[in-house]
Every structure is written in structure tokens, then in C-alpha cells.
Amino acid sequence: AQSVSQHNHHVILSEAASLELGCNYSYGGTVNLFWYVQYPGQHLQLLLKYFSGDPLVKGIKGFEAEFIKSKFSFNLRKPSVQWSDTAEYFCAVNAINFGNEKLTFGTGTRLTIIP
Amino acid sequence: SQTIHQWPATLVQPVGSPLSLECTVEGTSNPNLYWYRQAAGRGLQLLFYSVGIGQISSEVPQNLSASRPQDRQFILSSKKLLLSDSGFYLCAWSHRGRGSNTEAFFGQGTRLTVV
């Protein structure tokens, strides 16, 4: 069975600090990987996604993530965070198996940016 | 363009009463459909997913059930609600098929309070 682990439950950073949120998944086959963000009081929205090709993917608002297949990881990064990045971040994996596509989310990381 | 509708937005129900939450998708055909429950500190818990009419996979044994009577309709039900069923329920859809764009698109959610 596939699963997603986000080990950082709550991260607190000052503005301009660099960010890296960890995401590890367990599934031996082909996967699609996602990061979603939920700003306070708002709905889930897609931040970035990986399907194939370049393992370093860039998303909206200066975020990027790197897929490292050997480590089953898809960590989210941003070189310099802003106060507006305060939100909850969810990593998700879709195990691609013909006729059985299941999208599984991690427990989320709450990010608090201090001005 | 595709849209997803989920209703009601909020619901207060007494313990032991039945539940029916409805989700419909427009502008696409043969989507994957999902029901999630979001709880603070627990992320998005996948409850049910469906890859076609009448095909339901249950992820977590519980007091809830799901049905897909039509291609773009997904219903979450309970015969008798428990206090522990309170939570925020999200419906989502994604394109189906290996190699396709499988990001999930979320509804606005239903806040269910069982009293």
C-alpha cells in the first residue's frame, strides 16, 4: 500500500529564511507527486507537480521540489520565504497502476512565517 | 472548463441521523472521484475513491459509505451518524488514465457537525 510521510508537523521561520519541507513516500512503482497548499481560510490549491522528466520541478510563488527516486523523496524548497507563505502544505502521491489510481496525502506541515 | 460542486457547505446533524453529501463534476467524463476528511493535525485522510460507476474502494473502515450512481456523481452517506463523524469533508476529482494529468481538483468542502 502506498503512504506519504511528512515529518515536519510545524515549522516556524523568519522572513527571508530558506525553507525545505520533507516528503517521503512508499510505493515501488510509477508515481505522480504533488505539493498542495492551503492558506488560512482558503481551499486546497496545487503548488507544483511531478509527472516525468526533469526531477526538479518549479511551481508557483517561487517554490520548487526535487524528486529523488532512490530516496523516495519529494522535498519542497523555497530560497527565501515571505510572511504570505504562512499556510499548511500537503505532499501527495498518486500511484499509477492501470485502473487503480489512488491519490494519497501526507498529514501536512504547518508553516508559520514570522515577520 | 471543469467544475466541481459539493453541497451542503455546512451541516449540523444529531447523533443517529442519516447523512448524504453530494458531489458532482462538470466538464469532464470518466473522472476518478475521491472523498477525503480533513482533521487538524491529521491532514487529508482518504475515505473512498472511485474509478468508475459503481466501483468504490474504501480506505478506512468506518461508519460511512460511498456510492457513484452516475459517472460524475459521488455521494457520501451514513445510516446513523456518530459524534466522531464530525469533520471537514472534501470531494475531489482527477483525470483518469496512465500517464495523464492526474492532479486532483477539490470541492469547497462540507463542515459536518454531529451533535
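Asker: How should I be thinking about the interface of chain A and chain B in this particular structure?
Answerer: Interface size, as often reported, equals the accessible area lost upon joining of the parts. Taken together, the 22 residues of chain A in the interface contact 25 residues of chain B. A combined buried area of about 2000 Å² lies between chain A and chain B, and 50% of that area is made up of carbon and sulfur atoms. In this assembly, chain A and chain B are joined by 1 salt bridge. Across the pair Glu103 of chain B and Lys49 of chain A runs a salt bridge whose closest N-O atoms are separated by 2.4 Å. Summed over the shared surface of chain A and chain B, the number is 5 residue pairs in polar contact (both at pLDDT 80 or more). Elements that contribute at least two residues to the side of chain A that touches chain B include exactly strand E5 (31-38), strand E6 (45-50), strand E10 (87-95) and strand E11 (102-105) of chain A. Considered class by class, the residues forming the side of chain A that touches chain B number 10 nonpolar, 9 polar and 3 charged.

Asker: Help me out: how do you make sense of the pattern of salt bridges in this one?
Answerer: If the charged atoms of two oppositely charged side chains come close together, the side chains can form a pair. Enumeration over the complete set of coordinates arrives at 6 salt bridges over all chains. Its salt-bridge partner being Asp71 of chain B, residue Arg68 of chain B comes within 3.2 Å of it at the nearest N-O pair. Overall, the relative accessible area of 21% leaves Asp71 of chain B in the partly exposed class. The structure contains a network of salt bridges with shared partners spanning Lys58, Glu64, Glu66 and Arg77 of chain A.

Asker: It is not clear to me how the packing of aromatic side chains should be interpreted in this structure. Could you clarify?
Answerer: The geometry of two aromatic rings is summed up by the distance between their centres and the angle between their planes. Under the definition given, this model contains 15 aromatic pairs over all chains. Look at Tyr50 of chain A and Phe67 of chain A: their rings are 4.6 Å apart centre to centre, the planes differ by 40°, and that puts the pair in the tilted class. Pair noted here: Tyr50 of chain A is in strand E6 and Phe67 of chain A is in strand E8 (residues 64-68), with a separation of 17 residues, a long-range link. Of the two residues, Tyr50 of chain A and Phe67 of chain A, neither departs from the other in class, the shared state being buried. Look at Trp35 of chain B and Phe74 of chain B: their rings are 6.2 Å apart centre to centre, the planes differ by 25°, and that puts the pair in the stacked class. Of this pair, Trp35 of chain B sits in strand E4 (residues 32-39) while Phe74 of chain B sits in strand E8 (residues 73-78), and the two are 39 residues apart along the sequence. Phe74 of chain B shares its class with Trp35 of chain B; the two are buried. Ring pairing ties together the aromatic residues Phe34, Tyr36, Phe51 and Phe105 of chain A together with Tyr34, Tyr36, Tyr49 and Phe106 of chain B, which thus form one cluster.

Calculation criteria
Residues numbered from 1 in each chain as written. Chains lettered and ligands numbered in written order. Predicted model: local features only at pLDDT ≥ 70, side-chain atom pairs only at ≥ 80, totals over all residues. Heavy atoms only, no water. Contact = heavy atoms within 4.5 Å. Buried area = accessible area lost by both parts, 1.4 Å probe. Salt bridge = Lys/Arg side-chain N within 4 Å of Asp/Glu carboxyl O. Polar contact = N/O pair within 3.5 Å; in protein donor to acceptor, adjacent residues only side chain to side chain. Helix = DSSP H or I, 4+ residues; strand = E, 2+ residues; numbered from the N terminus. Nonpolar A, V, L, I, M, F, W, Y, C, P; charged D, E, K, R; others polar. Buried < 20%, exposed > 50% of the residue type's maximum accessible area, 1.4 Å probe, protein only. Phe/Tyr/Trp six-rings, centres within 6.5 Å; stacked < 30°, edge-to-face > 60°.

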